[in-house]
Amino acid sequence: MAALGVVLALVLVPAAGLGSASAAGKPSVKLSTSQAGTGGSITVTGSGWRPKTLLMMLICGQSVPSRGVIGGTNSCANADGRAVTTDTKGNFSKKLPVTEPPKPCPCVVHVATVTGEKAEADAIFMVAGHSVEPLPKEESGGRLSVLTDTRLDGSSGLLTWFGSPPSRKLVFTVGNVGTAPVKNPVFQVGTSHGVFAPQWEEQQWRGTIAPGRKAQITLPVELSAGAHGDYTVSLKYGGKVLAEQPWGVGRPWGVTLFWILLCVVVPGAVFRIGMAVVDRVRPRRSNGRGSGRHRGLRLPELTVHLPKLSTQSASTPVSSTTSTTPTTLPWFTPDSDPGTVANGQLSAPQENSPTPPTRKGNT
């Protein structure tokens, strides 16, 4: 009996440790009080979350922990939510102001991850003085569940590099876990950037999924023109988020290149137009020929102007005996021209001159 007790102890202790570890790994939320009025605040404490993870805390109406947030984030007081980051052990504690959600109670404090792997937890809460209505009936019959991981098929083309809207195809496999067939289901595909809430768009898949059957579904996803950065594609059906898929979109460098070229080409074109206008408007300079600014060299202007030779001078030889007419300078009279030859003498007058020089003076 003693040996049997020891064996049972060795078997049950590891099993109990494993159960506590698995329970600790599941995200959980606790509230300082289960009821409070508008204007007050409550302390929300969580454990079992991923370390260093950004979470969002909201008060949502028309919800219970067993069914989750039925109306999605549209039934939550989004404007008064609070963000919190878990510590290295995955725990957190933060105050949350109490406000009335847009939907009636029953209400919950909804905590969900903002980025990364999807995780959420709810805690029942009552807003004092807020209206209370029964929850909508749960639809019986067919229910869809995602069986495989979602993926985005497709690639960016040349137009996307120049700012065209990026587009992909969201591919996933769903199975009908209900008791009735699902015909032409309507999904909601949302895209979100950073910590912003997703923008949902309804898309209908044509086909019928019988109970116990599965089908591969492809839905188009498109972002706005010039979008870049980290995006998240979410899939919702029946008011519940089924899957999320990250999508990293590259920067459209073609748009940047276009603006750089535009900043270089436009100033150059404006400068050329301005120079042409100035060249036409400014007055032209007048010279001897009435010509203005010359843009280039012309052949007639390069012609060497030579003195014209007359036919007579070219044909008649110059004789040494031919008398030449002396040149008269303006400051010399014809009689005192130094170039005039008098009696064949070019020097000063001598004593043999016919008329001797006379001297005038006082006698």
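Criteria and cut-off values
Residues numbered from 1 in each chain as written. Predicted model: local features only at pLDDT ≥ 70, side-chain atom pairs only at ≥ 80, totals over all residues. Heavy atoms only, no water. 1 Å grid on protein atoms, 1.4 Å probe; cavity = no way out; pocket = protein on both sides within 12 Å on 5 of 7 lines; lining within 4 Å. Points joined across faces, edges and corners; volume = space filled by probe spheres on them. Disulfide = S-S within 2.5 Å. Helix = DSSP H or I, 4+ residues; strand = E, 2+ residues; numbered from the N terminus. Buried < 20%, exposed > 50% of the residue type's maximum accessible area, 1.4 Å probe, protein only. Pairing = 2+ DSSP bridges. Phe/Tyr/Trp six-rings, centres within 6.5 Å; stacked < 30°, edge-to-face > 60°.

J.: Can you walk me through empty space enclosed by the protein in this structure?
T.: One simple way to see leftover space: roll a probe sized like a water molecule over the atoms. One pass over the structure, following the stated rule, counts 1 cavity of 30 Å³ or more. The space that makes up the largest cavity amounts to roughly 40 Å³. Lining the largest cavity are Thr 160, Gly 163, Ser 164, Pro 166, Gly 226, Ala 227, Gly 250 and Pro 252.

J.: Sorry if this is basic, but what is going on with the state of the cysteines here?
T.: The full count for this structure, using the stated rule, is 2 disulfides. A disulfide bridge connects Cys 60 with Cys 76, and the sulfur atoms are separated by 1.9 Å. On the sign convention where negative means left-handed, the S-S torsion of about 100° between Cys 60 and Cys 76 marks this disulfide as right-handed. Of this pair, Cys 60 sits in strand β4 (residues 54-60) while Cys 76 is found in the loop between β6 (68-69) and β7 (82-85), placing the two residues 16 residues apart along the sequence. With a relative accessible area of 4%, Cys 76 lands in the buried category. A sulfur-sulfur separation of 2.0 Å characterises the disulfide bridge that pairs Cys 105 with Cys 107. Across the S-S bond linking Cys 105 and Cys 107, the dihedral sits near -95°, which makes this disulfide left-handed. The class of Cys 107 is buried, set by a relative accessible area of 1%. Taking only the cysteines that form disulfides and numbering them from first to last, the protein chain has the pattern 1-2, 3-4.

J.: Is there a simple way to explain the pairing of strand β3 (residues 41-47) in this structure?
T.: Residues Ile 42, Val 44 and Gly 46 point to one face of β3 and are all buried, whereas Ser 41, Thr 43, Thr 45 and Ser 47, pointing to the other face, are not buried. Across 4 bridges, strand β1 (residues 28-31) lies against β3 in antiparallel orientation. Pairing of Leu 31 across the sheet is with Val 44, part of β3. Of the pairings in the sheet, the one linking β3 to strand β8 (residues 92-97) comprises 6 bridges and is antiparallel in character. When the bridges of β8 are listed, Ile 42 appears paired with Leu 96.

J.: Quick question: what am I supposed to make of the packing of aromatic side chains here?
T.: For any two aromatic rings, the description comes down to two numbers: the centre-to-centre distance and the angle of the planes. Applying the stated criterion across every chain yields a total of 5 aromatic pairs. Each ring, one from Trp 49 and one from Phe 92, has its centre 6.4 Å from the other, and the planes form 65°; the classification is edge-to-face. On the criterion of sequence distance, the pair formed by Trp 49 in the loop between β3 and β4 and Phe 92 in strand β8 is long-range, its members being 43 residues apart. Judged on exposure class, the residue Trp 49 and its partner Phe 92 are both buried. Considering the side-chain rings of Phe 187 and Tyr 237, the 5.2 Å spacing of their centres and the 40° angle between planes classify their relative orientation as tilted.

Nothing here speaks to function; it is all geometry.
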